[in-house]
Structure formats: structure tokens, C-alpha cells
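As a plain string of letters, each chain reads:
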Amino acid sequence: MQPHYKASLQVNTDLDALAQVLEWFDQFNHPPIPSQTWMQCQLALAEGFTNAVRHAHQNQPADLAIDVEAQVLEDRIEIRIWDQGGPFDLVQRLASMPKEFDSEAEGGRGLRLMERIADKLSYTRMQDDRNCLLIIKYYSTTEIFPVSEEFL
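Because the structure is a prediction, the values reported are computed rather than measured. (Residues numbered from 1 in each chain as written. Predicted model: local features only at pLDDT ≥ 70, side-chain atom pairs only at ≥ 80, totals over all residues. Heavy atoms only, no water.)

Student: Describe the sheet that holds strand 3 (residues 76-83), naming the residues involved and giving the relevant values.
Tutor: Spatially, the five strands line up as an open sheet ordered 1-2-3-5-4, and their pairing is antiparallel. For this open sheet the edge positions go to strand 1 (5-12) and strand 4 (120-125), each flanked by a neighbour on one side alone. Averaged over all pairs of adjacent strands, the angle between their axes in this sheet comes to 15°, without regard to strand direction. Bridge count between strand 3 and strand 5 (residues 131-138): eight bridges; the pairing is antiparallel. Counted as the bridge partner of Asp83 is Asn131 from strand 5. Packing against the sheet, helix 1 (residues 18-25) makes contact with strand 1, strand 2 (65-72) and strand 3, and its axis sits at approximately 170° to strand 1. (Pairing = 2+ DSSP bridges. Helix = DSSP H or I, 4+ residues; strand = E, 2+ residues; numbered from the N terminus. Axes fitted to C-alpha atoms, helices over the stretch in contact; angles between N-to-C directions. Contact = heavy atoms within 4.5 Å.)

Here's what the structure looks like:
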């Protein structure tokens with residue numbers, strides 16, 4: 001299935017680049033993506049990018065690149081964030097975390113939040129020694145233009 005729209009961005013390892021990432025993501029805020037789905041994906045993107053900077057690239061040079069890609073398909077949006085950190089087992093980490101949010105916890109809420117938002121969430125070590133965080137969120141076209149009963 002060919003994407004309706006696809007774009008990519010490369011930024012440095014810098015929390016200040018989050019504003020640039022979110023501004024770039026604004027281009028996806030239109031149909032066929034329902035606005036609520038877009039806002040959820042924006043939040044997941046912010047969490048994923050922040051984790052790449054704070055954890056995957058911890059103690060790395062600021063000019064180490066983080067690549068971001070998003071594509072809109074007929075029934076979903078796919079977001080990919082590539083970092084150059086060490087391997088990380090997302091499945092194991094999520095399994096070891098409490099199922100409920102702990103508002104007092106130092107960290108880890110972002111992973112749970114991404115898990116709840118995404119219909120598919122994975123973190124894969126690639127052959128080029130980068131990691132790819134994949135966030136897939138499905139949407140229904142009925143969310144875009146709900147049919148009123150008066151039209152049925």
C-alpha cells in the first residue's frame with residue numbers, strides 16, 4: 001500500500017529540537033487523520049523523541065543525528081524514530097513496569113503512554129546499528145466524517 005503522504009526530518013540530539021520536530025509534524029494535521037488521532041500521535045512522537053535524546057543518546061555528542069519519518073496511509077499513520085544508541089528491549093522493559101501510571105515515578109510514564117496510544121509499538125535494532133522506534137496508529141474513516149442518523 002502506497003502512502004498518501006510521507007515526510008522525514010533529521011535533527012540533532014537536543015531537547016530543544018523537540019519544537020522543530022513538533023512543528024514539522026504539523027503538516028500531518030489534516031484528513032484523513034482525525035484530529036484526536038493526530039494529537040495522540042503528536043504526544044507519542046514527543047515522548048519517543050524525548051526518550052531518544054535522554055536515554056538512547058545519553059552522554060553522546062549533540063550533533064549525533066536522530067531521524068524522524070511519518071507516513072499517512074489510508075487507514076493509519078506510521079511514525080519512525082531512529083536513534084544511534086545501544087540496543088534496548090522495549091518488550092522486556094514494558095513487561096517489567098507496573099501496568100498503571102505512577103504519578104510519583106521518576107520516569108517510564110512515556111513508554112506506557114506510547115504503548116496506550118499506539119496500536120503497534122516496537123523498537124528494533126537495525127543492521128546499520130541504529131534503533132527504530134515504530135509507532136502505528138490506525139484510524140477509521142468514519143471518525144473523519146461521522147454519518148448522522150438523519151442521512152441514513
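Student: So what's going on with the packing of aromatic side chains? Which residues, and what values?
Tutor: For the coordinates displayed, the defined rule picks out six aromatic pairs. Both rings, one in Trp24 and one in Phe25, keep their centres 6.4 Å apart while their planes meet at 40°; by these two values the pair is tilted. For Trp24, a relative accessible area of 12% gives the class buried. Pairing Phe25 with Phe28 gives two aromatic rings, centres 5.5 Å apart and planes at 35°, and the pair type is tilted. Joined through ring pairs, the aromatic side chains of Tyr5, Trp24, Phe25, Phe28 and Trp38 make up one cluster. (Phe/Tyr/Trp six-rings, centres within 6.5 Å; stacked < 30°, edge-to-face > 60°. Buried < 20%, exposed > 50% of the residue type's maximum accessible area, 1.4 Å probe, protein only.)

Honestly, that's just the spatial picture; any functional story needs more than this.
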